[in-house]
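# Structural overview for review
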Amino acid sequence: MPVPTGPVDLGLLPATAAVAADGRLWIGACDVLDLAEIHGTPLFVYDEAHLRAACREAVAAWGDGVAYATKAFLCVAMAKLAHEEGMCLDVSTGGELHVALTAGVPPDRLVLHGNNKSTEELAAALSVGVGRIVVDSFDEIDRIECLVADPPALEGGPEDAEPPVRWRPRVLARITPGVEVHTHEFVRTGQEDSKFGFGLASGAAALAVERLAALDAAGIVEFVGIHAHLGSQVFALDPFAQAIDVLAGFFAPLGLPELVVGGGLGVAYVNGEEAPPMAQWALSVRAACRRAGIPDSVRVTAEPGRSIVAAAGVTLYRVGTVKDVPGHRTYVSVDGGMSDNPRPVLYGSGYEAFLPREAGAPRPVPIRLVGKHCETGDVVVAEGFVPEDLVVGDVLCTPVTGAYGHSMASNYNKVPRPAVVFVADGTVRTAVRRESLDDLVRLDV
Ligand code: LLP
C-alpha cells in the first residue's frame, strides 16, 4: 500500500522525468523550476518523448487506423505530433477539425465524431474529404444524404470550383451496446440511455444500419463499419470484451470491414493506482473478437485520448498563500485552479502535488490545494500532502494533467489560460502561448 505521506510515485511522472542529485525535477532534460521561472505559472509542460512513445505504442498495439482523440488535448503542435507518429485523429467538432487541418494533418487521416454535427460542420468535413464520419443520429443521416446529393457552394470558393475531394464519405454507425462501465456517470456513454449513437436494444441500431446500407447501395455513402465507445477512465478491460460479445451478433452478419471500440483506457492519477497498458487493451479486445467469431480480416481499432497524453503532461503552479484554519485544515492556494483543471470539481478527480525542488521528499503535512477562483469548489487536490518546508513562492507540480486540463480550460474570473510548452532533449518550445490580458478583451465589440 502506498504511504499517503510518502513522496510522489515517480511512475506518475512523464517518461523522461528524473530527479537530480540536488533533488530538483528535470523533464526532457530541462530543469522544471527554470521552466516556471522563464515561462511563468501556471504552466502545462509536456514531455515530447513521452507523447511520441505513447502514439507509437498505440499504433503498434492497434495497427493503422488507430485515432488519437483530440478532445483530450489539442493544439497545432499536438495534432502534428500525433500525425507524425502514425496516428489518425478523432475530431468531434468543426473547431477540432479546423485545428487538425491547420496543423496540416491530411483530411483522410481524420475521423469526424459528434452527436450533433451541424450541416456546416458536415459540409466542411465532406468538402475536404475527411477519412471517416461516425454517424450518430437519424437527423445526421438526413443531413449527409442532402449534402451529398446537393453539395453547397463553399464559402469563398468560385462557383465552378473543383468538385470536392470526397462527396461519398466513408461512414461508421455509432452504436450504444448497453454495456455500463464503472466510471464517473458523466463520462459513461455505452449505456442504452445516452445522447450518443443508436441503441442496440431499442432497434435504433438496426434501423440506422438499414438506412446506411441503402445509402451505400445508392452510391451516397460508403458504409464501412460500426463504432462503440463505452466511457472514459475505464480501468477494467472486461467491459470492452463484454461490448464485443454484445456487438458481435449484430456486427458479424453485416460483413463490414471495420469495428472501432472507441477510447476509454484509464490512467493512474495518484500513488498506488494502476492501469492496464495499451498493448493489453488491444490484445484483450482482439481476443474477444476472435472468441465472438469476428473474422481477422476486420480492422479492429480504437480512439485513445487520455492514455496518450495524460501522464505526458504536468502542471506547474506557484504558491501564493498558505492559510491555516485552526481545527479544520491548511489551505495552500496556487495561481490557477478550476480554470486550468476543472476535473476535480467536475468529477471529484484526485491528483498528487509535490515540490519539484525536492521531488523525492516525503510529504507529511496534510493540506487542501486550492486555486484562485471565487468558489469553494475550486479545489485542485482535496486531500493533499506536502513537505514540511513548503513556503509561499514555491513552485508546486501536479502530475498527470496532460489530458482534459488544457482542453477544458476556461477564462473563469478572467484568468488568462496558461501557456503550453513541449520539452525534449534539453530544449523547450512554446506550443501555445500564455493568454494575455489583451486576449481577455479581444472578442469584445
Ligand atoms: N472516442 C469517443 C467517441 C469519445 O467520446 C472519447 C471521449 C474518446 C474516444 C476518448 O476517450 P479517452 O481515451 O480519452 O478516455 N472530460 C472527461 C473525459 C471525457 C471523455 C469524452 N469522450 C475527463 O476529464 O475525465
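Small disclaimer: the values here were computed from a predicted structure and weren't measured.

## Details of the pattern of salt bridges
For the structure shown, the criterion picks out 26 salt bridges. One salt bridge connects lysine 117 with glutamate 140, and the closest N-O pair in it is separated by 2.8 Å. Of this pair, lysine 117 sits in the loop between strand S7 (110-112) and helix H5 (119-128) while glutamate 140 is found in helix H6 (residues 138-149), placing the two residues 23 residues apart along the sequence. Residue lysine 117 shares its accessibility class with glutamate 140, and that shared class is buried. Salt-bridge contacts for glutamate 258 lead to arginine 132; the nearest nitrogen and oxygen are separated by 2.8 Å. Residue glutamate 258 is found in strand S12 (residues 258-260), and its partner arginine 132 is found in strand S8 (residues 132-135); the two are separated by 126 residues along the sequence. Taking relative accessible area as the criterion, arginine 132 reaches 13% and is therefore assigned buried. Through salt bridges with shared partners, one network takes in Glu48, Arg52, Arg56, Glu84, Glu85 and Arg429.

## Some thoughts on the site of the ligand
Around the ligand sit 20 residues in total, of which Ser232, Glu303, Arg343, Tyr347 and Tyr404 are the nearest. Take serine 232: an N or O atom from its side chain is 2.4 Å from an oxygen atom of the ligand. At 2.9 Å from an oxygen atom of the ligand is found a main-chain nitrogen or oxygen belonging to glycine 305. In the complex, the protein chains occlude 90% of the 580 Å² of accessible area that the ligand would expose alone.

## Here we look at helix H2 (residues 48-62)
Here H2 is 15 residues long and its end C-alpha atoms lie 21 Å apart, about the 21 Å a rise of 1.5 Å per residue gives. Along H2, the residues that are buried comprise Glu48, His50, Leu51, Arg52, Ala54, Cys55, Ala58, Ala61 and Trp62. One side-chain oxygen at the N-terminal end of H2 lies 3.1 Å from the backbone nitrogen of alanine 49; it belongs to aspartate 47. Where H2 terminates, the next one or two residues include glycine 63, which has phi positive at roughly 90°.

## Considering the side chain of threonine 176
Within the secondary structure, threonine 176 is located in strand S9 (residues 170-176). Within the structure, the side chain of threonine 176 is placed 3.4 Å from the backbone nitrogen of glycine 199, a separation counted as a polar contact.

## Considerations on the packing of H2 against helix H3 (residues 76-84)
When two helices pack together, their arrangement is given by the angle between the helix axes and the distance between those axes. Between H2 and H3, the least distance of the axes is 9 Å, while the angle of their chain directions is 45°. Judged by the inter-axis angle, H2 sits oblique to H3. The handedness of the crossing between H2 and H3 is right-handed. Residues Glu48, Leu51, Arg52 and Cys55 of H2 form the contact with H3, whose participating residues are Met78, Leu81, Ala82 and Glu84. For the contact of H2 with H3, the per-class residue count stands at five nonpolar, no polar and three charged.

## Re the packing of aromatic side chains
Under the definition given, this model contains seven aromatic pairs. For the ring pair phenylalanine 73 and phenylalanine 422, a centre distance of 6.3 Å and an interplane angle of 50° mean the geometry is tilted. Taken together, the residues phenylalanine 73 in the loop between strand S5 (67-69) and H3 and phenylalanine 422 in strand S19 (residues 419-424) connect sequence positions 349 residues apart. On the basis of relative accessible area, phenylalanine 73 is assigned to the buried category, the value being 0%.

## What about the domain arrangement of the protein chain?
By the assigned domains, the protein chain splits into domain 1 (10-47 + 311-441) and domain 2 (48-307). Summarising the inter-unit geometry, the C-alpha centres of domain 1 and domain 2 are found 32 Å apart. Between domain 1 and domain 2, the residue contacts involve 28 residues of the former and 22 residues of the latter. For the pair domain 1 and domain 2, the two sides together bury roughly 2200 Å², of which 62% comes from carbon and sulfur. Considering only the surface of domain 1 that becomes buried against domain 2, Tyr347, Tyr404 and Phe422 emerge as the three largest contributors, covering 25% of it. Taken together, domain 1 and domain 2 are joined by one salt bridge. A salt bridge links arginine 429 to glutamate 48, with the shortest nitrogen-to-oxygen separation between them at 3.2 Å. Applying the counting rule to domain 1 against domain 2 returns eleven residue pairs in polar contact (both at pLDDT 80 or more). For the side of domain 1 that touches domain 2, the element with the most residues is S19, which contributes four residues.

## A closer look at the pairing of strand S20 (residues 427-432)
In this sheet, S20 lies alongside S19 in antiparallel orientation, the contact comprising five bridges. Paired with valine 423 across the bridge in S20 is valine 428. As consecutive antiparallel partners, S19 and S20 are separated by two residues, and within that stretch aspartate 425 has a phi angle of approximately 50°, a positive value.

## Some remarks on helix H7 (residues 204-217)
Turn by turn, an α-helix covers 3.6 residues, leaving residues three or four places apart pointing in a common direction. Taking 1.5 Å per residue, 14 residues should reach 20 Å; H7 reaches 20 Å between its end C-alpha atoms and fits that length. Where the residues of H7 are buried, they touch H6, S9, strand S10 (198-199), strand S11 (222-227) and helix H8 (238-251). Just downstream of H7, glycine 219 is the residue with a positive phi angle, here 80°.

## A word on the sheet that holds strand S1 (residues 18-19)
Strands belonging to one sheet form pairs held by backbone hydrogen bonds; the direction of such a pair is parallel or antiparallel. Sheet architecture is open: three strands sit in the order S1-S2-S3, paired in antiparallel fashion. Edge strands, defined here as strands with exactly one partner in the open sheet, are S1 and strand S3 (30-31). Where S1 lies against strand S2 (residues 25-27), two bridges are found, and the strand directions are antiparallel. Its bridge partner lying in S2, alanine 18 is registered against tryptophan 26.

## Focus: the nonpolar core
Counting residues in hydrophobic clusters, the biggest one holds 130 residues, and the most contacted among them are Trp62, Met78 and Ile226. The dominant element in this core, judged by the number of residues it contributes, is H8, at eight residues. When residues of this core are sorted by domain, at least three fall in each of domain 1 (10-47 + 311-441) and domain 2 (48-307). Ignoring any residue separated from it by four or fewer positions in sequence, one finds tryptophan 62 in contact with Val261, Met278, Trp281, Ala282, Val285, Arg286, Val300, Thr301 and Ala302. Grouped together as the second largest cluster of nonpolar side chains are seven residues, Ala67, Leu172, Val224 and Val260 included.

Calculation notes
- Residues numbered from 1 in each chain as written.
- Predicted model: local features only at pLDDT ≥ 70, side-chain atom pairs only at ≥ 80, totals over all residues.
- Heavy atoms only, no water.
- Salt bridge = Lys/Arg side-chain N within 4 Å of Asp/Glu carboxyl O.
- Helix = DSSP H or I, 4+ residues; strand = E, 2+ residues; numbered from the N terminus.
- Buried < 20%, exposed > 50% of the residue type's maximum accessible area, 1.4 Å probe, protein only.
- Near = heavy atom within 4 Å.
- Polar contact = N/O pair within 3.5 Å; in protein donor to acceptor, adjacent residues only side chain to side chain.
- Areas by Shrake-Rupley, 256 points an atom, 1.4 Å probe, with all protein chains shown as cover.
- Expected span 1.5 Å × (residues − 1).
- Axes fitted to C-alpha atoms, helices over the stretch in contact; angles between N-to-C directions.
- Parallel < 35°, antiparallel > 145°, perpendicular 65-115°, else oblique.
- Left-handed = near helix turned anticlockwise from the far one by under 90°.
- Contact = heavy atoms within 4.5 Å.
- Nonpolar A, V, L, I, M, F, W, Y, C, P; charged D, E, K, R; others polar.
- Phe/Tyr/Trp six-rings, centres within 6.5 Å; stacked < 30°, edge-to-face > 60°.
- Domains from an automatic or database assignment.
- Buried area = accessible area lost by both parts, 1.4 Å probe.
- Pairing = 2+ DSSP bridges.
- Core = buried A, V, L, I, M, F, W, Y, C linked by side-chain atoms within 4.5 Å.

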